[in-house]
Amino acid sequence: MAFTFTNSYLQGVYEDVCKKNAHEPEFLQAVGEVLESLQPVVEQNQRLAKSGVIDRIVEPERSLLFRISWVDDHGRVQVNRGYRVQFSTAIGPSKGGLRFHPSVNLSIIKFLGFEQVFKNSLTGLPMGGGKGGADFDPKGKSDNEVMRFCQSFMTELQRHIGPDTDVPAGDIGVGAREIGYLFGQYKRIRNEFNGVLTGKGLSYGGSLARTEATGYGLCYFADEMLKAAGKSFQGQSVVISGSGNVAIYANQKATELGGKVIAMSDSNGYIVDENGIDYKVIQEIKEVKRARIKTYLDYVPTAKYFEGCQGIWTVPCGIALPCATQNEVHMEDVENLVKNGCKILAEGANMPTTLEATEYVQEHGIVFFPGKAANAGGVATSGLEMSQNSERLSWTFEEVDAKLKGIMVSIFHAIDDAAKRYGHEGNYVMGANIAGFEKVANAMMAQGIV
């Protein structure tokens, strides 16, 4: 990966990270992008180099790797790897999701944890950054198998987490079922009922609007940018990759704001409905029937289905919202978006756009919003769940939604202001990295060399 450094200190930090983590491409991509953005900050504040803040911030405070042994329904012993990376506690306890997916490895967990540090900072809430998970695939497993796996996973993880230490949440492969099993095992072992996990069920300390939060927040964020430019979602065609929680509720909110979502996808293919995709139908297909997105044609025969999810970026649109997974948007995809007149690309997933594709859209007039800012609504609402748990309160959906909207509006203005302050107006990658970094760096310097 090619990053351009004019600052010798940052170049040295990045080269050192590359030597230590040579086989972790996702992590190196995330670190390089952030360090490249921080060059004007370091040039204006020599204390950053002297205090070693950046040398420290690229190294996790704690990285855990552990074995998870469990028994399947056939009585066979299965073994998986579990991870938890507590990247930073400078501004609060570690906070970040758990991902259960066969692709999970240390590089992916570290990249996600590193990004989480800045994303959590941007929310304005007192949360550090972390991430975790396992190379376990819940798909095709029975409820009892998932329960036994989660119990084994939490038996080890519980030693390292707590409401004032590290607060995990859900991510890919970790939904309401998994969070319930994880919380039950934590409570059983520790004999404590506290806010150690977020994304919990409403009957045992969860927050209203958490399921909708990332998708809603993505659209609140994009809408604020449109308002600042004298525009709105009204009449905009929108393409959303993915069909999980983020995509479903981004569809709902984009539609409510006046947009028309014309394409969505899953790992098999994508659908196009020029009349606007009904999010309630996708919700039933994915959350109730757990079926493939092709099933949408059974409800709306006039829609079209195409094999292969990558082709979704050939669909002309004004707003593109990638909400599936990391590095899903490549050069060919953004070339199609530019050619077809797309004006805004806002990341609903974590780092879904490759480095080369990000640079291309920025150079060709598409307004680009990185995930650490645009998709921060999920973790922001997790932070609000933590607050409710601490106070033993439960807020209404409207209260949480209003707080979420306020946070996303504030994030847009924070990154917009940061980009302008350092002479890079309109570069929201730089703005997000700088705004997220400054708060963490100030806290680290205040706390000494730790």
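A quick note: this is a predicted structure, and the numbers were derived from the prediction, not measured. (Residues numbered from 1 in each chain as written. Predicted model: local features only at pLDDT ≥ 70, side-chain atom pairs only at ≥ 80, totals over all residues. Heavy atoms only, no water.)

This part takes up the environment of Lys119. Within the secondary structure, Lys119 is located in helix 6 (residues 106-122). Judged by relative accessible area, Lys119 falls into the buried class, the value being 6%. Beyond its immediate stretch of four places on either side in the chain, Lys119 contacts Asn350, Gly371, Lys372, Asn375, Ala376 and Val379. Within the local environment of Lys119, its side chain forms a polar contact with the side chain of Asn350, the two groups lying 2.8 Å apart. Of the polar contacts made by the side chain of Lys119, one reaches the side chain of Asn375; its length is 2.6 Å. (Helix = DSSP H or I, 4+ residues; strand = E, 2+ residues; numbered from the N terminus. Buried < 20%, exposed > 50% of the residue type's maximum accessible area, 1.4 Å probe, protein only. Contact = heavy atoms within 4.5 Å. Polar contact = N/O pair within 3.5 Å; in protein donor to acceptor, adjacent residues only side chain to side chain.)

This next bit is on the sheet that holds strand 2 (residues 77-88). Adjacent strands of a sheet pair through backbone hydrogen bonds, lying either parallel or antiparallel. The strand order across the open sheet formed by five strands is 1-2-4-3-5, and the pairing between neighbours is mixed. On the outer flanks of this sheet lie strand 1 (62-71) and strand 5 (166-169), each paired with one strand and no other. Direction aside, the axes of adjacent strands within the sheet are offset by 20 degrees on average. (Pairing = 2+ DSSP bridges. Axes fitted to C-alpha atoms, helices over the stretch in contact; angles between N-to-C directions.)

Structurally, Glu287 is set in helix 11 (residues 279-288). Each C-alpha atom, one on Glu287 and one on Lys200, is 17 Å from the other, the two residues being 87 residues apart in sequence. Each residue touching Glu287, except ones within four places of it in the same chain, is listed here: Asn245, Ile248, Tyr249 and Ile282.

Core analysis: the biggest nonpolar cluster contains 103 residues, and Leu35, Leu321, Phe369, Ile415 and Phe437 have the highest contact counts within it. Considering every element that reaches this core, the biggest residue donor is helix 18 (residues 428-446), with 11 residues. Sequence-distant contacts of Leu321, that is, excluding residues within four places in its chain, are made with Leu218, Cys219, Val238, Val239, Ile240, Ser241, Ala250, Trp313 and Ala346. (Core = buried A, V, L, I, M, F, W, Y, C linked by side-chain atoms within 4.5 Å.)

Overall, mixed pairing links the seven strands, which are arranged 9-8-7-6-10-11-12 in an open sheet. Only two strands of the sheet have a single partner each, and these edge strands are strand 9 (304-307) and strand 12 (367-369). Between one strand axis and the next, the sheet turns through 15 degrees on average, direction left out of account. Direction of pairing for strand 8 (residues 269-272) relative to strand 9: antiparallel, over a ladder of four bridges. Bridging from a neighbouring strand, Tyr270 pairs with Phe306 of strand 9.

Our next topic: the pattern of salt bridges. By the definition in use, this model includes 19 salt bridges. Taking the shortest distance from any N to any O, the salt bridge between Lys20 and Asp16 comes out at 3.3 Å. Pair noted here: Lys20 and Asp16 are both in helix 1 (residues 8-20), with a separation of four residues, about one helical turn. For Glu115, the salt bridge is made with Lys372, and the minimal N-O distance between the two is 3.2 Å. (Salt bridge = Lys/Arg side-chain N within 4 Å of Asp/Glu carboxyl O.)

Bringing the packing of helix 9 (residues 210-228) against helix 10 (residues 245-256) into the picture now. Axis separation between helix 9 and helix 10 bottoms out at 7 Å; the angle between their running directions is 50 degrees. Taken together, helix 9 and helix 10 sit at an angle that is classed as oblique. Two packed elements cross with a definite hand, and for helix 9 against helix 10 that hand is right-handed. Where helix 9 approaches helix 10, its residues Thr211, Glu212, Thr214, Gly215, Tyr216, Leu218, Cys219 and Tyr220 are matched on the opposing element by Asn245, Val246, Tyr249, Ala250, Gln252, Lys253 and Ala254. (Parallel < 35°, antiparallel > 145°, perpendicular 65-115°, else oblique. Left-handed = near helix turned anticlockwise from the far one by under 90°.)

The next thing to look at is empty space enclosed by the protein. The full count for this structure, using the stated rule, is one cavity of 30 Å³ or more. The calculated volume of the largest cavity comes to roughly 100 Å³. Around the largest cavity, the lining is made up of 13 residues, and of these Glu33, Glu347, Met351, Thr353 and Thr358 lie nearest the centre. Contributions of two or more residues to the lining of the largest cavity are made by helix 2 (25-37), helix 14 (355-363) and helix 15 (371-374). (1 Å grid on protein atoms, 1.4 Å probe; cavity = no way out; pocket = protein on both sides within 12 Å on 5 of 7 lines; lining within 4 Å. Points joined across faces, edges and corners; volume = space filled by probe spheres on them.)

Structurally, Met331 is set in helix 13 (residues 331-339). Looking at Met331, the relative accessible area reads 29%, which means it is partly exposed. Discounting residues that sit within four places of it in the chain, Met331 has contacts with Glu356, Ala357 and Tyr360.

Further remarks concern the packing of aromatic side chains. Taken as a whole and assessed by the stated rule, the structure comprises 26 aromatic pairs. Their ring planes at 80 degrees and their centres at 5.9 Å tell us that Phe221 and Phe412 sit as a pair that is edge-to-face. One end of the pair, Phe221, is in helix 9; the other, Phe412, is in helix 17 (residues 397-421), with 191 residues separating them in the sequence. Taking the relative accessible area as the measure of exposure, Phe221 reaches 0% and is therefore buried. Centroid distance Phe412 to Tyr428: 5.9 Å. Interplanar angle 45 degrees. Geometry classified as tilted. Of this pair, Phe412 sits in helix 17 while Tyr428 sits in helix 18, and the two are 16 residues apart along the sequence. (Phe/Tyr/Trp six-rings, centres within 6.5 Å; stacked < 30°, edge-to-face > 60°.)

Interpretation note: all reported values are geometric properties and have no functional meaning in isolation.
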